[in-house]
Amino acid sequence: MFEYAPAPESRDIVDIRPSYGLFINGEWVEPQGEERHKTVNPATEEVLAEVAWAGEADVDRAVQAAAKAFPVWSAMPGAERAKYLFRIARIIQERARELAVLETLDNGKPIRESRDVDLPLVAAHFFYYAGWADKLSYAGFGPDPRPLGVAGQVIPWNFPLLMLAWKIAPALACGNTVVLKPAETTPLTALAFAEICRQADLPPGVVNIVTGAGETGAALVNHPGVDKVAFTGSTEVGRLIARSLAGIRKKLTLELGGKAANIVFEDAPLDQAVEGIVNGIFFNQGHVCCAGSRLLVQESVAADLLEALKRRLGTLRLGDPLDKNTDIGAINSAEQLAKIRELSEAGEAEGAERWSPACPIPDRGYWFPPTVFTGVAQSHRIAREEIFGPVLSVLTFRTPAEAVEKANNTPYGLSAGVWTEKGSLMLWMASRLRAGVVWSNTFNRFDPTSPFGGYKESGYGREGGRHGLEAYLAV
Amino acid sequence: MTTPLAEVASSPSTLRAFLHGLPGVDRVGADARAAMLGTRSIKTTAKKQAIDMAIGMVDLTTLEGADTPGKVRAMCAKAVRPDPADASVPPVAAVCVYPDLVATAVEALAGSGVKVASVATSFPSGRSSLEVKVAETSLAVAAGAAEIDMVIDRGAFLAGDYLKVYEEIVATKEACADAHLKVILETGELATYDNVRRASWLAMIAGADFIKTSTGKVSPAATLPVTLVMLEAVRDFLAATGRKVGVKPAGGIRTTKDAIKYLVLVNETAGPDWLHPDWFRLGASSLLNDLLMQRQKMATGRYAGPDYFTLD
């Protein structure tokens with residue numbers, strides 16, 4: 001046997017303060033209310049820090065600071081704004097190791113992913129949109145597209161810093177100022193980003209960070225001084241926001257849930273398809289809105305593919321997220337773990353067959369083993385509802401038309417994956433799948449130049465690429 | 001030699017249909033998987049174990065026009081006792097030489113347990129008649145080679161004449177008698193991963209005991225993704241036929257870090273059952289000194305200068 005010795009990344013590189021205030025107008029300020037919240041390391045349940053809970057008055061202060069900064073920031077030549085964004089991108093690269101460790105501590109994701117996926121993409125997003133700041137006249141939105149004003153942005157806990165980058169980089173490039181609320185379970189990298197804004201000498205009020213839970217988010221999106229709302233999170237909350245903003249002038253983009261189909265044809269490159277399935281649903285513990293949570297496999301290769309998949313899952317390494325060899329980290333919160341358990345039990349009760357590789361689970365923290373359900377029918381809850389965890393539902397199909405029908409038969413439409421070596425079939429499928437992203441012989445690949453967003457109940461608006469500018473311009 | 005797949009070589013068309021019916025390999029995906037496995041962090045006790053494992057898997061190789069009996073004898077001494085100052089260093093798996101130097105190596109290694117491998121079949125190009133290739137193989141075996149590293153006819157393979165390649169391997173295997181046959185695919189000339197997978201299966205069906213990436217004379221030689229594809233092939237071949245075949249990446253593996261990446265690849269692709277010199281080899285020459293240097297560093301905490309390791 002060849003056992004890998006523990007190879008933990010050192011956490012000494014991060015300096016977590018015992019307590020954080022709110023970042024408003026370039027300063028750390030104390031909230032008006034007394035309420036504070038503890039953020040924990042989901043792998044150990046250890047308390048990492050206390051963060052402020054922003055109330056309506058705090059949100060108001062933040063929005064006013066952003067509104068005050070807007071005239072200066074939006075009037076600044078694009079090339080000047082670009083300098084700040086490039087500077088932020090470079091600081092992120094310089095501090096990448098520290099930010100990766102911090103993200104892993106607060107979120108539970110493996111350091112391999114925060115180091116090799118999240119942080120490189122965060123920096124890439126800032127670099128990419130920095131490049132647009134002085135070229136907005138050529139983006140296809142008219143000769144002199146104007147920014148909107150103050151953007152209120154609410155982001156989820158699955159990719160805390162990356163979602164921040166997706167929101168803040170295009171907003172600033174277009175000349176808006178922002179108030180951002182990170183998720184209540186993962187505020188630390190957003191607070192570290194506040195420090196980076198100071199390090200980059202960003203003018204006060206251009207970026208404001210307010211921490212808190214749902215009420216803080218509601219206060220932000222409903223604040224009359226906010227001109228644009230961007231939300232990434234659950235469809236349930238997205239619906240609430242859409243309802244409360246209906247009929248008023250605020251511009252809204254939503255990036256919500258998904259139940260993506262990963263479709264494997266009999267002529268697929270099987271070994272790479274197995275990797276794509278693993279990357280589709282077990283990447284980031286399945287806490288991915290575009291996760292390939294439904295595997296649709298052509299019946300003629302289903303047995304071979306499942307055997308290969310199970311063998312591969314046997315090699316996944318679950319455990320300490322800071323260990324550089326860990327593949328599967330911790331579930332982000334007790335609440336999310338309960339939801340994953342509930343849906344998995346429903347899957348069993350509905351008659352699907354449940355399988356997990358033998359894998360020891362740590363005693364402390366929130367953990368869920370990689371899980372595969374076979375014999376799943378379209379009518380099962382685990383084929384309909386977003387689980388947002390490392391749980392794969394396997395269904396079969398016979399023909400391309402049936403694959404399209406099943407893949408589209410969901411209220412969501414964020415992403416899909418197709419695996420075939422036949423180019424004509426790939427194009428035929430891609431033109432019929434109702435999903436914002438269709439991956440061809442790959443899955444969960446992201447790039448700042450490529451627009452991302454949903455059909456149907458997966459939301460509206462696009463983030464990334466030239467398309468991502470539209471959400472932050474008066475067009 | 002028969003395998004459950006022997007009938008696929010009954011005609012050019014059945015052989016072609018079989019090889020082209022193997023699942024394709026997506027280059028981007030295979031490269032990404034190999035790169036991901038390359039990020040595994042092998043430290044402390046695992047690194048110690050890996051270094052000794054790698055030393056024991058080295059096929060210490062010299063394949064130069066300028067090779068002499070003296071050069072081969074020196075290399076054999078190194079193969080048996082890689083570090084003269086440290087008897088706990090295991091010997092390498094084999095030495096690999098040209099056929100005319102097999103007798104010299106056999107004499108130098110008598111009783112040591114280190115095997116003698118010989119390249120044959122008009123290495124490295126393979127551009128000669130089957131008679132010459134078979135005769136060369138027989139001579140090397142007669143001189144005492146326990147392992148034969150043959151090259152396939154890449155020209156025939158790329159021309160689609162799979163049966164010719166198959167028949168040459170079968171004939172060489174026959175000439176090997178009891179010697180183990182390693183079949184060099186020269187993946188740098190096959191160019192695509194689909195071809196690597198097909199050539200791997202072709203060699204295994206024809207009776208290869210090992211499949212080997214490269215001669216070391218063509219660039220690129222061994223790469224992680226190519227070795228990944230070959231490891232998948234031996235894994236699937238065992239499942240299909242019950243026969244286990246070994247894998248040998250050769251050429252371009254120079255550092256301990258590289259060697260460990262290959263061991264990780266084996267561990268997580270074919271599985272730990274392949275982590276044994278009977279089933280996995282590293283064709284290399286300069287790699288050995290780097291392994292010794294890292295081994296000493298782990299034991300003493302300090303790097304010794306290059307002059308503390310023998311150049312043979």
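Bear in mind that the values here come from a model prediction, so they are computed numbers and not experimental data. (Residues numbered from 1 in each chain as written. Chains lettered and ligands numbered in written order. Predicted model: local features only at pLDDT ≥ 70, side-chain atom pairs only at ≥ 80, totals over all residues.)

All of the buried residues along helix α2 (residues 27-37) of chain B are G29, A30, R33 and A34 of chain B. Around the axis of α2 of chain B, the buried residues are gathered within 130° of arc, so they sit on the same side. Packing partners of the buried residues in α2 of chain B comprise α9 (270-281) of chain A together with α10 (193-205), α11 (224-241) and α12 (256-269) of chain B. (Buried ≥ 20, exposed ≤ 12 C-beta atoms within 10 Å, placed from the backbone. Helix = DSSP H or I, 4+ residues; strand = E, 2+ residues; numbered from the N terminus. Arc of directions from axis to C-beta. Contact = placed C-beta atoms within 7 Å.)

One finds A54, V58, V95, V183, A203 and I211 of chain B to be the most contacted residues of the largest nonpolar core, which totals 104 residues. The greatest single-element share of this core, amounting to 9 residues, is contributed by α11 of chain B. Residues in contact with V95 of chain B, not counting those within four places in the same chain, are L60, M75, C76, A79, A105, L109, V114, V116 and A117 of chain B. If you look at the next biggest cluster of nonpolar residues, it comprises 93 residues, including Y129, A133, L148 and F193 of chain A. (Core = buried A, V, L, I, M, F, W, Y, C linked by C-beta atoms within 7 Å.)

All names here are of chain A. Annotation from UniProt places "active site" (unreviewed entry) at E255. Within the secondary structure, E255 is located in strand β10 (residues 251-255). In contact with E255, not counting residues within four places along its chain, are T232, C289, G453, G454, G459 and E463. (UniProt positions renumbered as here; feature names shortened; annotations may be inferred.)

Glancing now at the interface of chain A and chain B. Much of the literature gives interface size as the accessible area that the parts lose upon coming together. Across the boundary between the two partners, chain A contributes 20 residues, which contact 23 residues of chain B. Put simply, the parts of the chain that give the side of chain A that touches chain B at least two residues each are α4 (111-132) and α9 of chain A. Of all the elements, α9 of chain A adds the most residues to the side of chain A that touches chain B, at 5 residues. Its residues assigned to classes, the side of chain A that touches chain B shows 7 nonpolar, 6 polar and 7 charged. (Nonpolar A, V, L, I, M, F, W, Y, C, P; charged D, E, K, R; others polar.)

Per-chain confidence: chain B averages 96 in pLDDT, with 99% of residues scoring 70 or above. Predicted complex metrics record ipTM = 0.95 and pTM = 0.96. (pLDDT = per-residue confidence, 0-100.)

Another aspect to go through is the sheet that holds strand β13 (residues 353-355) of chain A. Hydrogen bonds between backbone groups are what pair the strands of a sheet, and the pairing can be parallel or antiparallel. Residue and element names in this part refer to chain A. Sheet architecture is open: 7 strands sit in the order β13-β14-β15-β12-β11-β16-β17, paired in mixed fashion. This sheet does not close on itself; its edge strands, each paired only once, are β13 and β17 (437-440). The mean inter-strand angle of the sheet, taken between neighbouring strand axes irrespective of direction, is 20°. Helix α11 (residues 334-349) contacts β13, β14 (371-374) and β15 (391-397) of the sheet and is inclined by roughly 135° relative to β13. (Pairing = 2+ DSSP bridges. Axes fitted to C-alpha atoms, helices over the stretch in contact; angles between N-to-C directions.)

An order of β1-β5-β4 (chain A) is seen for the 3 strands of this open sheet, with the pairing classed as mixed. Of all the strands in the sheet, just β1 (19-20) and β4 (36-41) of chain A have a single pairing partner and so form its edges.

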